[in-house]
Amino acid sequence: MSQAIWSAVEHYTVSTLHAKDDALERALAACEAAGLPPISVAPAEGKLLHLFARACGATRILEIGTLGGYSAIWLARALPAGGRLITLEISPEHASVAASNLAAADLSERVEIRVGRALDLLPGIEREMDRPFDLVFVDADKQSNAEYVRWGVRLTRPGGVIIVDNVVRAGEVADAGSTDERVLGVRRMNQVLVNDPYVAPRVDATAIQTVGSKGYDGFAFIAVKHPE
Ligand code: SAH
Ligand code: DHB
Ligand code: MG
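Predicted model only: the values in this text are computed from it and were never measured. (Residues numbered from 1 in each chain as written. Chains lettered and ligands numbered in written order. Predicted model: local features only at pLDDT ≥ 70, side-chain atom pairs only at ≥ 80, totals over all residues. Heavy atoms only, no water.)

Novice: Break down the nonpolar core for me, citing the residues and quoting the values.
Specialist: Ranked by size, the top nonpolar core spans 31 residues in total, and within it Leu 62, Leu 88 and Val 164 carry the most contacts. Broken down by secondary-structure element, the contributors of at least two residues to this core are strand E1 (60-64), strand E2 (84-89), helix H6 (118-128), strand E4 (133-138), helix H7 (145-155), strand E5 (156-165), helix H8 (181-195) and strand E7 (215-224). Top element by residues in this core is H7. It accounts for six residues. Every residue in contact with Leu 88, bar those within four places of it in the chain, is listed here: Leu 62, Glu 63, Ile 64, Gly 65, Thr 66, Arg 114, Ala 118, Leu 121, Leu 122 and Ile 125. (Core = buried A, V, L, I, M, F, W, Y, C linked by side-chain atoms within 4.5 Å. Buried < 20%, exposed > 50% of the residue type's maximum accessible area, 1.4 Å probe, protein only. Helix = DSSP H or I, 4+ residues; strand = E, 2+ residues; numbered from the N terminus. Contact = heavy atoms within 4.5 Å.)

Here is the structure:
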């Protein structure tokens, strides 16, 4: 069981269950043309995020790590009229590709891209937000995952969810001896989820392994609990 069959099943799934979507395809093509790294979520992962956002009736979504706006398009399309997605991106080049992709998908009105280091932008978001987020998608520098999850818990309503991309890393997350900073970031995040005095009592979490065109990786799902 390996990459060829994962890709074949992904192709089968997407060609069977997804409608053809020009805006999403053009967004990916624009990312490639602009020389962005090919690390947008896979189509089925994008649709999964979209379906989750719809299932929890999200009207406020926060994304950390925009790249070219591919996952932002999926998430923003789940919003009802008046809903809002704020997405944070450190690279002005990536943000400008995303802005143009979101405009082409007719989503500029619902999406605000903020450019800067996410950890510098999050305090301002907390200060000015009128109500908490229903869903937070974390997909930026993996070294900061523990801090992003802590912010996610502060900014998400009880009953809301935080989803974190790339938490399996071809299985390396299970290697206690890994020295890869990204793997260490995920492992630190997991420790915060169960041990941190602020975070642990407020969440319930698991991780799901995924395979497909992006290889072998996974998502963490973190539910923010109602106070006991
Ligand atoms: N969510 C996107 C992919 C994001 S790739 C999608 O699926 O379409 C990760 C992005 O996080 C990159 O664009 C990178 O520039 C950005 N990033 C890395 N470190 C960051 C930081 N400290 N703050 C904000 N964004 C960051
Ligand atoms: C990388 C980052 C991602 O967000 C992703 O989905 C895949 C790979 C990376 O930095 O290698
Ligand atoms: Mg990712």
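Novice: Now, about the site of ligand 1: what can you tell me, with residues and values included?
Specialist: By nearness alone, 21 residues border ligand 1, and Val 41, Ser 71, Glu 89, His 94 and Asp 139 come closest of all. Here an oxygen atom of ligand 1 and a side-chain polar atom of His 94 are 2.8 Å apart. A distance of 3.2 Å is found between a nitrogen atom of ligand 1 and a side-chain nitrogen or oxygen belonging to Asp 141. For ligand 1, the accessible surface in isolation is 590 Å², of which the surrounding protein chains cover 90%. Among the elements of the structure, helix H4 (70-76) and E2 are those that each provide at least two residues to the shell around ligand 1. (Near = heavy atom within 4 Å. Polar contact = N/O pair within 3.5 Å; in protein donor to acceptor, adjacent residues only side chain to side chain. Areas by Shrake-Rupley, 256 points an atom, 1.4 Å probe, with all protein chains shown as cover.)

Novice: Can you explain H8? Please cite residues and give values.
Specialist: In a regular helix each residue adds 1.5 Å, so 15 residues correspond to 21 Å; H8 covers 20 Å between its end C-alpha atoms and thus fits that length. Those residues of H8 not exposed but buried are Val 183, Gly 185, Val 186, Met 189, Val 192 and Leu 193. Looking at the buried residues of H8, the elements they touch are H7, E5, strand E6 (203-212) and E7. For H8, the N-terminal cap is Asp 180; the gap from its side-chain oxygen to the backbone nitrogen of Arg 182 is 2.7 Å. (Expected span 1.5 Å × (residues − 1).)

Novice: Account for the pattern of salt bridges, naming residues and giving values.
Specialist: Scanning the entire structure with this criterion turns up 14 salt bridges. In this structure, Asp 130 and Arg 60 form a salt bridge, with 3.5 Å as the shortest nitrogen-oxygen distance. Here Asp 130 is found in the loop between H6 and E4, whereas its partner Arg 60 is found in strand E1, with 70 residues between them in sequence. With a closest N to O distance of 2.7 Å, Arg 150 and Asp 196 form a salt bridge. Linking Arg 150 in helix H7 with Asp 196 in the loop between H8 and E6, this pair joins segments that are 46 residues apart in sequence. Among the residues examined, Asp 196 registers a relative accessible area of 13% and is labelled buried. Taken together, the shared-partner salt bridges in this structure form one network comprising Arg 84, Glu 112, Arg 114 and Glu 128. (Salt bridge = Lys/Arg side-chain N within 4 Å of Asp/Glu carboxyl O.)

Novice: Talk me through the coordination of the magnesium ion (ligand 3); I want residue IDs and the actual numbers.
Specialist: Summarising the metal site, the magnesium ion (ligand 3) is bound by the protein donors Asp 139 (OD), Asp 165 (OD) and Asn 166 (OD1), whose distances to it range over 2.1 to 2.2 Å. Of note, the magnesium ion (ligand 3) draws all its donor residues from one chain, in the sequence arrangement D-x25-D-N. In this pair, Asp 139 sits in the loop between E4 and H7 while Asp 165 sits in strand E5, placing the two residues 26 residues apart along the sequence. (Donors = N, O, S within 2.8 Å, 3.2 Å for Na, K, Ca; no water.)

Treat this as a map of the structure, not an account of what it does.
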